[in-house]
Amino acid sequence: MTAPSERLILASKSAARRTMLADAGVPFTVQVADVDEDAVKGTHDPADAAGLAVELARVKALAVSRRDAEAWVLGADQTLAFDGGLVSKAASPDEARARLAAMRGRIHHLHSGAALARNGQVVWSGVDTATLRMRDFSNAFLDAYLAAEGEALLACVGSYRLEGMGAQLFEAVEGDYFTVLGLPLWPVLAELRRAGVLRS
């Protein structure tokens, strides 16, 4: 039996998303989408964090699909909702520390959106949400965590990596593990089978 011939491009620079797809045996290449995320956020209702995750995924997928119309393009993005607002990536270790201190002992939500495009058109999009509760960790633990993780925290919207030492920040997680990492993997795999990128 021959392998599927449809090409897939991942329109994301996220190492976690690349690892998820590669570990799942999905063949793909990467083209980072040149998208002004702040402009997209500026035109979107900040109260709709889940909708923003999908819109960012759609914009990224379309940006790359317009460059390579024959390929399937997977765009993805994640938003974090906390205390009634959106949380962006920390710009400095001090900002990461302040954010983690504010979130400890409290709940926040991660929304992971994905979109599949071809021929400059979005043919599917979806979003999944996870609810996470941080434990009431000590300042000593927070200092040790920040020292251990270093600059890597600035690449994560919540200033943590659940697949690493960040797991120690939490007392409960409700939702899919892959969603926490930044991709609603199960529906994405289903769409890739439908598209012929993966065998059904």
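Up top you'll find the structure we're talking about.
Each residue is numbered by its place in its chain's sequence as written, counting from 1. Side-chain atom pairs in this predicted model are given and counted only at pLDDT of 80 or more, local residue features only at pLDDT of at least 70, and totals for whole chains, interfaces and linings cover all residues. Each side-chain value is derived from all of the structure's non-hydrogen atoms; neither hydrogens nor water enter the calculation.

### Quick notes on the environment of A190
Helix and strand definitions follow DSSP, with helices as H or I runs of at least four residues and strands as E runs of at least two, each counted in order from the N terminus. Assignment of secondary structure puts A190 in helix α7 (residues 185-195). Three labels apply to residues, based on accessible area from a 1.4 Å probe with only protein chains included: buried if under 20% of the type maximum, exposed if over 50%, partly exposed otherwise in between. Residue A190 is classed as partly exposed on the basis of its relative accessible area, which comes to 34%. With twelve residues separating them in the primary sequence, A190 and F178 have C-alpha atoms 14 Å apart.

### What to know about helix α1 (residues 15-23)
Among all positions in α1, only R17, M20 and L21 are buried. Looking down the long axis of α1, one finds its buried residues gathered within 90° of arc, a one-sided arrangement. Here, residues are in contact when the closest pair of their heavy atoms is within 4.5 Å. Looking at the buried positions of α1, the neighbouring elements they touch are β1 (8-11), β3 (72-82), α6 (177-181) and α7. Residues adjacent in sequence count toward polar contacts only when both atoms are side-chain atoms; beyond that, a polar contact is any pair of N or O atoms within 3.5 Å, and within protein one must be able to donate a hydrogen and the other to accept it. Between the side-chain oxygen of the N-cap and the backbone nitrogen of A16 there are 3.3 Å, and the N-cap of α1 in question is S14. Backbone geometry just downstream of α1 places G25 in the positive-phi region, at approximately 80°. Comment: arc refers to directions from the helix axis out to C-beta atoms.

### A short note on the packing of aromatic side chains
In summary, the pairing rule links any two rings of Phe, Tyr or Trp, Trp by its six-membered ring, whose centres are within 6.5 Å, and it sorts them by plane angle into stacked for under 30 degrees, edge-to-face for over 60 and tilted for everything else. Tallied over the entire structure, the rule returns five aromatic pairs. Relative to F141, the ring of F137 has its centre 6.0 Å away and its plane inclined at 50°; by these criteria the two rings are tilted. When sorted by exposure, F137 lands in the same class as F141, which is buried. Two limits define a charge over a ring: the Lys NZ or Arg CZ must be within 6 Å of the ring centre, and within 35 degrees of the ring normal. Across the ring face of F141, the terminal group of R135 is positioned such that the distance to the ring centre comes to 4.6 Å.

### Thoughts on the nonpolar core
Membership of the largest hydrophobic core comes to 44 residues, with the highest contact counts inside it found for L74, L100, Y160, L169 and L183. In terms of nonpolar packing, the next biggest core, distinct from the first, is built from 16 residues, L52, A71, V73 and A115 among them. Nonpolar cores are built from buried Ala, Val, Leu, Ile, Met, Phe, Trp, Tyr and Cys residues. Side-chain atoms within 4.5 Å join them into one set.

### Thoughts on α7
Residues of α7 that are buried: L185, V188, L189, E191, L192 and A195. Across the axial projection of α7, the buried residues extend over an arc of 165°, all falling on one side. If you follow the buried residues of α7, they end up packed against β1, α1, β3, β5 (107-118), β6 (121-134) and α6. At the C-terminal side of α7, G196 shows a positive phi close to 90°.

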